[in-house]
Amino acid sequence: MTWNIRTGGRDRGGPDRRALVARVIARQRPDLLALQELGGLDVAGFAASVGLRPYLARSWLGQPVALLVAPAWPVLAAAPVRRPFHHAAQRVVVGTDAGPLTVLGTHLYPYSGTRRLVEARWAAAALRRSRDDLALLAGDLNTLDPYAGHADRVGRLPPAYRRRHLRRDGRTVETRAVARLLAAGLVDLGVSAGPTVPTAHGGAEFADMRLDYLLATPKLATLHPHVSVIRTPDTAHASDHHPLQADFPLTPLTPLTPSR
């Protein structure tokens, strides 16, 4: 599951949404959870409260991201991606019955499509060695998909937010970051899942958009996961993004019992 929980689950001068966020996670029970916008959140304490282990990538300019992993899944490797993302990117490899699964959680730059394209190239490079294996990129990519026209949707945004989704000519919808990841061979699992923003909590900068993605290598995509946007009364108020979840027919790698 991937979810942007907006400013660590608390709004400055507004409601504390952390209990709602935790309740959604507890109900969905994800084995692997990519979280974005963790500024001000005690990630270790929060992860413990929902029964998950945190792997955090800190941010110099934006907000941290993390991958949270259920205890049953053996973590074979974990490290932040050493590139100057505005926010951050974290990579974790877990052991499954079908082989190692690499998960990359990230949050791309919100204000410029050109900068998002650069960050998408970094993310694609971070998954290059896993291209023929089981791998998943999860996160808020702040980018519209390249499949269909979005001009009407973008045109409904206030001018300050409209610029985020247009090329420098002021007319062409900005989709290059997702297009770059697809060109790297990743498969968009959520193409039919529907918009992930906005929610009832807010999102004046959104207009029924899908900005959150689960992109898989072809080998992982052949497992045909069920993908859905989680829409409940709690997710409507826990953040300005709804979570996006995929269910794969994978089980944790069981350590071999030594022979006697």
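Everything numeric here is computed off the predicted structure, so don't read it as measured data.

K.L.:
Describe in detail the packing of helix H3 (residues 113-126) against helix H6 (residues 176-183), supporting the description with residues and values.
P.N.:
Where H3 contacts H6, the axes come no closer than 8 Å and their chain directions differ by 20 degrees. Taken together, H3 and H6 sit at an angle that is classed as roughly parallel. The two elements H3 and H6 meet at a crossing, and its hand is right-handed. Contacts from Gly-113, Thr-114, Arg-116, Leu-117, Ala-120, Arg-121, Ala-123 and Ala-124 of H3 reach H6 at Arg-176, Ala-177, Arg-180 and Leu-181. Grouping the constituent residues of the contact of H3 with H6 by class yields 6 nonpolar, 2 polar and 4 charged.

K.L.:
Describe the pattern of salt bridges, naming the residues involved and giving the relevant values.
P.N.:
Within the structure shown, the criterion is met by 11 salt bridges. As a salt-bridge pair, Arg-23 and Asp-234 come within 2.9 Å of each other at their nearest N and O atoms. Taken together, the positions of Arg-23 in helix H1 (residues 18-28) and Asp-234 in helix H8 (residues 233-238) put the pair 211 residues apart, joining distant regions of the chain. Across the pair Asp-234 and Arg-27 runs a salt bridge whose closest N-O atoms are separated by 3.0 Å. You can see Asp-234 sitting in helix H8 and its partner Arg-27 sitting in helix H1, a full 207 residues away along the chain. Take Asp-234: its relative accessible area is 10%, and that puts it in the buried class. One continuous salt-bridge network, built from bridges that share partners, spans Arg-6, Asp-11, Arg-17 and Asp-240.

K.L.:
Before we move on, can you summarise the sheet that holds strand E10 (residues 212-216) with the specific residues and values?
P.N.:
Strand order in the open sheet made by the 6 strands is E5-E6-E7-E8-E10-E9, with mixed pairing throughout. Both edges of this open sheet fall to strand E5 (75-80) and strand E9 (187-188), since each of them pairs with a single strand only. As defined by bridge partners, strand E6 (residues 89-96) adjoins strand E7 (residues 99-107) across 8 bridges and the pair is classed as antiparallel. Its bridge partner lying in E7, Arg-91 is registered against Leu-104.

K.L.:
Can you tell me about unusual backbone geometry, naming the residues and giving the values?
P.N.:
For the bond from Val-197 to Pro-198, the omega torsion is -5 degrees, close enough to zero to count as cis. Take Pro-198: it is sitting in the loop between E9 and E10. In this model, Thr-7 sits at a positive phi of 50 degrees, which is unusual for a non-glycine residue. Relative to the helices and strands, Thr-7 resides in the loop between strand E1 (2-4) and H1.

K.L.:
Just give me the short version of the side chain of His-87, but keep the residues and values in it.
P.N.:
You can see His-87 is positioned in the loop between E5 and E6. Residue class for His-87 comes out buried when judged on its relative accessible area of 7%. A polar contact of 2.9 Å, which involves the side chain of His-87, links it to the backbone nitrogen of Gln-63. The contact partners of His-87, leaving out residues within four places of it in the chain, are Arg-58, Ser-59, Gly-62, Gln-63, His-107, Leu-108 and Pro-110.

The rules behind the values
- Residues numbered from 1 in each chain as written.
- Predicted model: local features only at pLDDT ≥ 70, side-chain atom pairs only at ≥ 80, totals over all residues.
- Heavy atoms only, no water.
- Axes fitted to C-alpha atoms, helices over the stretch in contact; angles between N-to-C directions.
- Helix = DSSP H or I, 4+ residues; strand = E, 2+ residues; numbered from the N terminus.
- Parallel < 35°, antiparallel > 145°, perpendicular 65-115°, else oblique.
- Left-handed = near helix turned anticlockwise from the far one by under 90°.
- Contact = heavy atoms within 4.5 Å.
- Nonpolar A, V, L, I, M, F, W, Y, C, P; charged D, E, K, R; others polar.
- Salt bridge = Lys/Arg side-chain N within 4 Å of Asp/Glu carboxyl O.
- Buried < 20%, exposed > 50% of the residue type's maximum accessible area, 1.4 Å probe, protein only.
- Pairing = 2+ DSSP bridges.
- Polar contact = N/O pair within 3.5 Å; in protein donor to acceptor, adjacent residues only side chain to side chain.

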